[in-house]
Amino acid sequence: TPTMKLFRLLALAAAVLPASVSGSVSEATIDSSGNVITNDDSIDNTIRKNEQLATHVTNQSPFRSDIYWDDGEYGKLISTLDPEESVSLNTFLGHQFFVTRHGVKEGLFVDEQRLVFKVGQRDQQFYIPKNAAPSSKLCQDRFSVCKEYSKNGGCMRSPGWMIVHCCESCDEALNASELIDPKKRCSKEHLKTPEPVWKEGDLNKLFVSWATNETLKDEFGLEVLSSPEPEKYGATWEKAADGAPWVVVFNDFLTDKEVADLIRGGEIEGFERSTDQGAVNEVGEMEKIVSRTRTSSNAWCMHSCERLPGVRSATKKIEEVTGIPHVNYESFQLLSYEKNQFYRSHHDSSSTDKTPAGHRILTFFLYLTDVEEGGETYFNKLDLAVKPKKGKALVWPSVRDDNPTYWDARMFHEAKDVIKGKKMAANHWIHMNDYHTPNDWGCTGSFS
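Here we summarise the structure given alongside this text. (Residues numbered from 1 in each chain as written. Predicted model: local features only at pLDDT ≥ 70, side-chain atom pairs only at ≥ 80, totals over all residues. Heavy atoms only, no water.)

### What about empty space enclosed by the protein?
For the coordinates displayed, the defined rule picks out one cavity of 30 Å³ or more. Volume-wise, the largest cavity comes out at about 130 Å³. Every residue along the wall of the largest cavity is listed here: E106, G107, F109, S135, K137, L138, Q140, R142, V164, I180 and V283. Of the residues contributing to the lining of the largest cavity, the split by class is five nonpolar, three polar and three charged. (1 Å grid on protein atoms, 1.4 Å probe; cavity = no way out; pocket = protein on both sides within 12 Å on 5 of 7 lines; lining within 4 Å. Points joined across faces, edges and corners; volume = space filled by probe spheres on them. Nonpolar A, V, L, I, M, F, W, Y, C, P; charged D, E, K, R; others polar.)

### Description of unusual backbone geometry
Peptide bonds are trans in most cases, and residues, glycine excluded, mostly fall at negative phi. For K192, which is not a glycine, the phi torsion comes out positive at approximately 55 degrees. Looking at the secondary structure, you find K192 in the loop between α7 (188-191) and α8 (202-211). One non-glycine residue with positive phi stands out, namely D383, at about 55 degrees. (Helix = DSSP H or I, 4+ residues; strand = E, 2+ residues; numbered from the N terminus.)

### Focus on the packing of aromatic side chains
This structure, assessed with the given rule, holds 20 aromatic pairs. Ring geometry for F365 against Y367: centres 5.2 Å apart, planes inclined by 70 degrees, an arrangement best described as edge-to-face. F365 gets classed as buried once you look at its relative accessible area, which sits at 9%. On the accessibility criterion, Y367 (0% relative accessible area) is buried. Centre to centre, the rings of F379 and W396 are 5.1 Å apart; their planes meet at 85 degrees, and the pair counts as edge-to-face. (Phe/Tyr/Trp six-rings, centres within 6.5 Å; stacked < 30°, edge-to-face > 60°. Buried < 20%, exposed > 50% of the residue type's maximum accessible area, 1.4 Å probe, protein only.)

### Focus on the sheet that holds strand β20 (residues 343-346)
Strands in a sheet are paired, the pairing made by backbone hydrogen bonds, and the direction either parallel or antiparallel. With antiparallel pairing, four strands are arranged side by side in an open sheet as β20-β26-β23-β24. Sheet topology places β20 and β24 (384-386) at the edges, where each strand pairs with a single neighbour. Each adjacent strand pair in this sheet contributes to an overall mean axis angle of 15 degrees, direction not counted. As paired elements, β20 and strand β26 (residues 413-415) share two bridges and run antiparallel to each other. Bridge pairing in β26 places H346 opposite H413. (Pairing = 2+ DSSP bridges. Axes fitted to C-alpha atoms, helices over the stretch in contact; angles between N-to-C directions.)

### Focus: the nonpolar core
With 43 residues, the main nonpolar core has W210, F250, F253 and F332 as its most contacted residues. A per-element tally of this core places α8 first, with five residues. (Core = buried A, V, L, I, M, F, W, Y, C linked by side-chain atoms within 4.5 Å.)

### Some remarks on helix α10 (residues 256-269)
Under the 1.5 Å per step criterion, the end-to-end length of α10 is 20 Å for 14 residues, consistent within 8% with the ideal 20 Å. Along α10, the positions that sit buried rather than exposed are E258, V259, D261, L262, I263, G265 and G266. At its buried positions, α10 is contacted by β18 (297-300), α11 (309-322), β19 (333-337), β21 (360-367) and β28 (423-431). (Expected span 1.5 Å × (residues − 1). Contact = heavy atoms within 4.5 Å.)

Shape descriptors only; they carry no functional weight alone.
Okay, here's the thing in structure tokens:
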């Protein structure tokens, strides 16, 4: 018997029939035998519009699948089903649901017809059949709002998101049917990728300039923990050895206002369970998968969060200290660790990175709270632990000084378990190349 999960959909007080997904794509409703229903307009007229109905969905497909309520826009995620798993939904007459492969909004199809479930009866049973799969046609409109967004200039404002999600509606404006191919959309020629910010020797130059800057020591409490020449630059870590990588802290980097606005920004965006990066599909979408090595919650500081004065001043301060422009930065990642939560050993980059944005060359990590016990940032291969302190910034490189196109394998680190208290933090990942342009064009795996 499939595992049953109960989920209550808090729908509108009166039943509303949402607009269907794009009219240019055929839709398929599946009956209790897994067959495509050619005439699915039957509605039980004895059902009152405010009567709550039970609807059941079973996933017989090989895909982990997301079920969305079709709200007439992008859909509201209702449940995620593993293969052979089932869910019961409380819904209303006329409501409609669509199904995607988990972690991306790549719809599942049956015989090239989009899989949808239309509620018209009491106690209906729907199936995601064994032969459900992504469509072979890459250029499609996934949502009913695509044409409206295209008319209002959305193709030019958010080209990457619109090419992937509203390809048909943006074909004329962006040649989307060609650029849906990430090899073309994300080429350095198309993106006009500028020269990298670091060449051989530039990493060391930056950290030496910090270590010899008395103003940074006085204003921000700069402290060298580790360096290739620990004695020369006054490294304070007792195990610092010749040839070690740079690790520095700014003990008094953030103001109370900046800390407060970064925390507020996380509350505005909403913290969710942290995810890892999964497989990439044919159009360049990267699947989000629940992490088994990371139990924290995170949020991405965008839109309203990025406009908060303290957030803007924190980013500007990092730009001034590093000399690297904001276009090379990912949005602030905002982090929350409750008691017993952790992030096991990992690296912030990969051995080589040929994506348009290039390596994450620097991590600028900001502590937003004191932690009574635990929560240290621990560099595994260095045996170096840094204790959280409100307002402190911890900075380390992820690449080598002699070859910044290759990672520094010594920089694996982890967030130790929080034993007592709560840890909140934020970080900017800084890239070798312009990050914003590839992100706008959907070339970073993210389509937010």
